[in-house]
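# Examination of the molecular architecture
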There are 2 protein chains.
Amino acid sequence: MTPEQARAAFRAGTVAPTSGWAAGFTQTNLIAVPRDWAYDVLLFCQRNPRPCPVLDVTDPGSTSTVLAPGADLSRDLPRYRVWRHGELAEEVDDVRGLWQENLVAFSIGCSFTFETGLLAAGIPLRHLEQGRNVPMYVTNRQCRPAGRLHGPLVVSMRPIPAGLVDEATAISGAMPAVHGAPVHAGDPAELGIADLARPDFGDPVEAEPGDVPVFWACGVTPQAALMASKPPFAITHSPGHMFITDRRDSEYRVTTAAR
Amino acid sequence: MTPEQARAAFRAGTVAPTSGWAAGFTQTNLIAVPRDWAYDVLLFCQRNPRPCPVLDVTDPGSTSTVLAPGADLSRDLPRYRVWRHGELAEEVDDVRGLWQENLVAFSIGCSFTFETGLLAAGIPLRHLEQGRNVPMYVTNRQCRPAGRLHGPLVVSMRPIPAGLVDEATAISGAMPAVHGAPVHAGDPAELGIADLARPDFGDPVEAEPGDVPVFWACGVTPQAALMASKPPFAITHSPGHMFITDRRDSEYRVTTAAR
């Protein structure tokens with residue numbers, strides 16, 4: 001499946017978490033805010049690059065992105081969330097009618113992007129095996145505020161066999177534009193997570209014997225900031241239901257080798 | 001010499017290019033603009049990360065930066081440029097009296113940061129040997145515009161022995177936050193540079209036999225954008241006269257090794 005085929009399916013009404021879709025292509029989180037909030041969002045991302053690596057920003061009112069020429073950010077994601085004054089107002093499959101002319105859309109790197117690399121290295125991904133969305137948790141770590149925007153760090157969690165955690169760290173660490181290395185591996189309480197079986201977003205996933213919970217900074221962090229900071233209006237993707245770009249994962253892999 | 005000692009010397013009136021100062025610590029380019037231009041600058045940087053990697057952004061009116069607690073961005077650089085409507089209005093050693101309450105300051109990574117690594121690997125740096133500022137050139141490559149901001153890519157140039165270019169590329173490539181790998185090595189005409197002996201900023205530097213000119217994206221690029229885009233007011237560092245932070249170079253080296 002190509003990214004274009006995936007986007008066409010979502011445009012036609014398919015709704016599904018996008019983990020595993022169009023393997024090898026970069027997926028992104030969406031957050032769109034009115035122009036007068038755009039500086040705060042962009043600065044929040046600059047100050048919190050682990051959860052919020054910005055891959056593209058649209059011009060006001062545009063639904064086009066350099067990440068996928070021809071795609072439409074207001075139609076080509078499987079599911080959207082509409083936010084009013086920090087409250088989730090509705091969850092819909094299409095936001096064409098809501099895309100105001102002053103809206104600025106941020107495409108933020110997603111950890112689904114490095115999952116292809118993890119699988120290629122033989123690292124099992126339990127949420128895929130179990131047919132579930134990846135689980136995400138609000139942590140006790142605060143992001144560095146920016147203007148009116150503040151909020152906690154959100155993480156995604158994947159149970160990884162203990163002997164493979166170092167390799168998973170190396171593979172994801174080489175891709176800082178899609179969250180990079182884990183922020184923590186091991187005890188969830190370190191991040192203030194009381195119960196792995198009750199994620200704040202996504203689905204619970206069962207660990208296999210010998211698995212360690214591994215936590216990556218997550219692009220849902222801006223949604224937690226929306227809830228805390230209450231801008232009048234915003235549109236985001238629904239957690240796990242990402243935008244699939246035309247960019248290959250490899251474009252976001254840091255190489256330190258000579259040319 | 002510590003970064004604090006270097007900043008104290010500049011605060012006391014010393015004026016000098018900072019290449020080679022406080023070796024092992026990160027240096028930054030400065031661009032400060034009124035708040036209503038800050039989004040354009042930050043977006044320009046996001047869209048042009050090779051020349052404009054943002055390491056910190058101040059809150060409006062503040063001269064403090066997380067990169068060096070206790071430092072003052074309006075006093076601690078050796079030399080500043082003041083811009084009015086895109087024209088260089090004056091070059092001064094202190095801008096305390098000009099720091100307006102709505103000014104937002106961007107600290108942008110500088111290639112002097114990876115020079116320590118180049119020297120440690122035995123790669124000669126001709127501008128240091130010759131006691132000169134590094135030469136910088138306006139190229140024929142346009143940056144991706146952002147709002148009202150547009151302009152050409154500026155590069156710094158270092159003559160490197162041909163057999164060491166690959167190693168210089170690898171060392172700098174591991175530091176994308178301070179411009180990363182070269183954008184070009186070899187024929188200056190590829191970048192539209194007519195005469196290496198006549199740089200647009202800094203000093204001409206003589207190559208040794210067997211040297212190849214190697215070009216890195218340069219943090220003077222925002223100054224070229226100021227000239228092209230003409231915001232009413234801006235303050236920058238003078239080319240080569242950087243802010244020396246308390247951050248060690250190694251903090252900006254990407255590591256893909258397991259923890």
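Scroll up a little and you will see the structure.
Before going into details, it helps to say that this report is about the structure given with it.

Rules behind the numbers
Residues numbered from 1 in each chain as written. Chains lettered and ligands numbered in written order. Predicted model: local features only at pLDDT ≥ 70, side-chain atom pairs only at ≥ 80, totals over all residues. Heavy atoms only, no water. Salt bridge = Lys/Arg side-chain N within 4 Å of Asp/Glu carboxyl O. Helix = DSSP H or I, 4+ residues; strand = E, 2+ residues; numbered from the N terminus. Buried < 20%, exposed > 50% of the residue type's maximum accessible area, 1.4 Å probe, protein only. 1 Å grid on protein atoms, 1.4 Å probe; cavity = no way out; pocket = protein on both sides within 12 Å on 5 of 7 lines; lining within 4 Å. Points joined across faces, edges and corners; volume = space filled by probe spheres on them. Nonpolar A, V, L, I, M, F, W, Y, C, P; charged D, E, K, R; others polar. Least-squares fit on C-alpha atoms with pLDDT ≥ 70 in both. Contact = heavy atoms within 4.5 Å. Polar contact = N/O pair within 3.5 Å; in protein donor to acceptor, adjacent residues only side chain to side chain. Pairing = 2+ DSSP bridges. Core = buried A, V, L, I, M, F, W, Y, C linked by side-chain atoms within 4.5 Å. Phe/Tyr/Trp six-rings, centres within 6.5 Å; stacked < 30°, edge-to-face > 60°. Lys NZ or Arg CZ within 6 Å of the ring centre and 35° of its normal.

Evaluated as defined, the whole model comprises 26 salt bridges over all chains. Of the charged contacts, one joins R144(A) and D56(B) as a salt bridge, the two residues approaching to 3.1 Å between their closest N and O atoms. Highlighted residues: R144(A) in the loop between β6 (136-142) and β7 (152-161) and D56(B) in strand β2 (residues 54-57), drawn from two different chains. For R144(A), a relative accessible area of 29% corresponds to the partly exposed category. The partner of R81(B) in a salt bridge is E91(B), and the shortest N-O contact between them spans 3.2 Å. Of this pair, R81(B) sits in strand β3 (residues 80-84) while E91(B) sits in strand β4 (residues 87-92), and the two are 10 residues apart along the sequence. A relative accessible area of 14% means that R81(B) is categorised as buried. Taking relative accessible area as the criterion, E91(B) reaches 31% and is therefore assigned partly exposed. Through salt bridges with shared partners, one network takes in R126(A), E129(A) and D211(A).

Taken as a whole, this structure holds 2 cavities of 30 Å³ or more when the rule is applied. As a volume, the largest cavity reaches approximately 80 Å³. What lines the largest cavity is a set of 15 residues, among which N29(B), C110(B), S111(B), C218(B) and M242(B) lie closest to the centre. Its residues assigned to classes, the lining of the largest cavity comprises 8 nonpolar, 7 polar and no charged. The space that makes up the second largest cavity amounts to roughly 60 Å³. Forming the boundary of the second largest cavity are N29(A), C110(A), S111(A), F112(A), V134(A), M136(A), S156(A), H179(A), C218(A), G219(A), G240(A) and M242(A).

Okay, the relation of the copies chain B and chain A next. Between the two copies, chain B and chain A, the superposition gives an RMSD of 0.0 Å; the rotation angle is 180° and the shift along the axis is 0.0 Å. Overall, the copies show the geometry of a two-fold rotation axis. Considering only C-alpha atoms, the residue of chain B closest to the rotation axis is Y39(B), which sits at 2.6 Å. Mapped onto chain A, 100% of the interface residues of chain B again fall at the interface, so both copies present the same surface.

Attention now goes to helix α3 (residues 112-120) of chain B. It helps to recall that an α-helix has 3.6 residues per turn; residues three or four apart then point in one direction. Residue and element names in this part refer to chain B. Among all positions of α3, only F112, T113, F114, E115 and L118 are buried. Against β1 (25-34), α4 (126-129), β7 (152-161), α5 (165-173) and β9 (211-217) lie the buried residues of α3. Positive phi appears at G122, one or two residues downstream of α3, with a value of about 80°.

Moving on, we get to the environment of N133(A). Residue and element names in this part refer to chain A. Among the structural elements, N133 can be located in the loop between α4 (126-129) and β6. Residue classification places N133 among the buried residues on the basis of a relative accessible area of 5%. Excluding its chain neighbours within four sequence positions, the residues that come into contact with N133 are P17, F112, H127, G202, D203, V205, P239, G240 and H241. At 3.0 Å, the side chain of N133 and the backbone oxygen of P239 are in polar contact.

Strands sit in the order β6-β7-β9-β8 (chain B) across an open sheet of 4 strands; the sheet is antiparallel. In the strand order of this sheet, the two ends are held by β6 (136-142) and β8 (184-185) of chain B, each with one partner.

Ranked by size, the top nonpolar core spans 62 residues in total, and within it Y39(A), F106(A), Y39(B) and F106(B) carry the most contacts. Apart from the residues lying within four places of it in its own chain, the contact partners of F106(A) are N29(A), L30(A), I31(A), V33(A), A38(A), V41(A), L42(A), D56(A), V57(A) and Y39(B).

Below, the discussion takes up the packing of aromatic side chains. Considering all chains together, one arrives at 4 aromatic pairs over all chains under this definition. With a centroid separation of 5.2 Å and 45° between ring planes, the pair formed by F114(A) and W216(A) is classed as tilted. Of the two residues, F114(A) is situated in helix α3 (residues 112-120) and W216(A) in strand β9 (residues 211-217); the sequence distance between them amounts to 102 residues. Across the pair, exposure class does not vary: F114(A) and W216(A) are buried alike. Stacked on the ring of W37(B), the Lys or Arg R148(B) has its end atom at 3.9 Å from the ring centre.

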